[in-house]
Amino acid sequence: MKNLFIFLLLITFFSEFVFAETCPSKTVAGINYIHFVGKLEGLGGDEKVIVWFEYGLNKKNLNKKTKEIELREPKIFCYKEIKLKPCTTYYYRAAAKNTAGTNYGEVKSIKTLCKKKLKWIIF
């Protein structure tokens, strides 16, 4: 049986997967988006691995999933999820799957930014 691959989890943002050259150094949140970042450390003996992120409003119910991407070598990858609620805490983790099964990163949390009220000054 092939060893399960190992990957680390970081987190960031963008509307589709991109790779290390354009990924932020860690997961970042805006008012209505999160840019997730992950690092695949190995393929577990396979030629390819499928990676994605799972997220949700509850640590025990990560019921949303980003688009999957196929990786053929260990590398940093990221995905920007948009249309999220402002001022909301989201829980997330990276996931990777090869022929031996699926492996998950640690569940972490991040809060989207809150909308700031505009201050008016009348002269």
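Coordinates for the structure precede this section.
Residues numbered from 1 in each chain as written. Predicted model: local features only at pLDDT ≥ 70, side-chain atom pairs only at ≥ 80, totals over all residues. Heavy atoms only, no water.

> Describe in detail the state of the cysteines, supporting the description with residues and values.
If you walk through the whole model with that rule in mind, you get two disulfides. Two residues, Cys23 and Cys78, share a disulfide whose sulfurs are 2.2 Å apart. Linking Cys23 and Cys78, the disulfide has an S-S dihedral of approximately -95° and is accordingly described as left-handed. With Cys23 in the loop between strand S2 (18–19) and strand S3 (28–29) and Cys78 in strand S8 (residues 76–82), the pair connects residues that are 55 residues apart, well separated along the chain. Across the pair, Cys78 and Cys23 agree in class, each one buried. Across the disulfide, Cys87 is cross-linked to Cys114 (sulfur-sulfur distance 1.9 Å). When the S-S torsion is 65°, as for the bridge of Cys87 with Cys114, the disulfide is right-handed. Of this pair, Cys87 sits in the loop between S8 and strand S9 (89–98) while Cys114 sits in the segment after strand S11 (108–111); the two residues are 27 residues apart in sequence, bridging distant segments of the chain. (Disulfide = S-S within 2.5 Å. Helix = DSSP H or I, 4+ residues; strand = E, 2+ residues; numbered from the N terminus. Buried < 20%, exposed > 50% of the residue type's maximum accessible area, 1.4 Å probe, protein only.)

> Hey, could you go over the packing of aromatic side chains for me, with residue numbers and the actual values?
Under the defined criterion, the tally for this structure stands at five aromatic pairs. Both rings, one in Phe36 and one in Tyr92, keep their centres 5.4 Å apart while their planes meet at 55°; by these two values the pair is tilted. Residue Phe36 is located in strand S4 (residues 33–40), and its partner Tyr92 is located in strand S9; the two are separated by 56 residues in the primary sequence. In this pair, the class of Phe36 matches that of Tyr92, namely buried. Ring centres of Phe53 and Phe77 lie 5.3 Å apart, and the angle between their planes is 35°; this geometry places the pair in the tilted category. (Phe/Tyr/Trp six-rings, centres within 6.5 Å; stacked < 30°, edge-to-face > 60°.)

> Give me the lowdown on unusual backbone geometry, citing residues and values where you can.
Of note, the phi angle at Lys83 is positive, near 65°, even though the residue is not glycine. Relative to the elements of secondary structure, Lys83 occurs in the loop between S8 and S9. Positive phi, normally seen in glycine, also occurs at Cys87, with a value near 55°.

> Which residues make up the pairing of S9, and what values go with them?
With seven bridges joining them, strand S5 (residues 49–56) and S9 adopt antiparallel strand pairing. Across the sheet, the residue bridging to Gly56 is Tyr91, located in S9. Bridge count between S9 and S11: four bridges; the pairing is antiparallel. From the neighbouring strand, Tyr92 faces S11, where its bridge partner is Lys108. Between S9 and strand S10 (residues 101–104), which follow one another and run antiparallel, lie two residues. (Pairing = 2+ DSSP bridges.)

> Account for the environment of Glu73, with residues named and values stated.
When you line up the elements, Glu73 lands in the loop between strand S7 (69–71) and S8. Excluding anything up to four places from it in sequence, Glu73 contacts Leu40 and Leu43. A distance of 3.3 Å separates polar atoms of two side chains, one belonging to Glu73 and the other to Lys75. (Contact = heavy atoms within 4.5 Å. Polar contact = N/O pair within 3.5 Å; in protein donor to acceptor, adjacent residues only side chain to side chain.)

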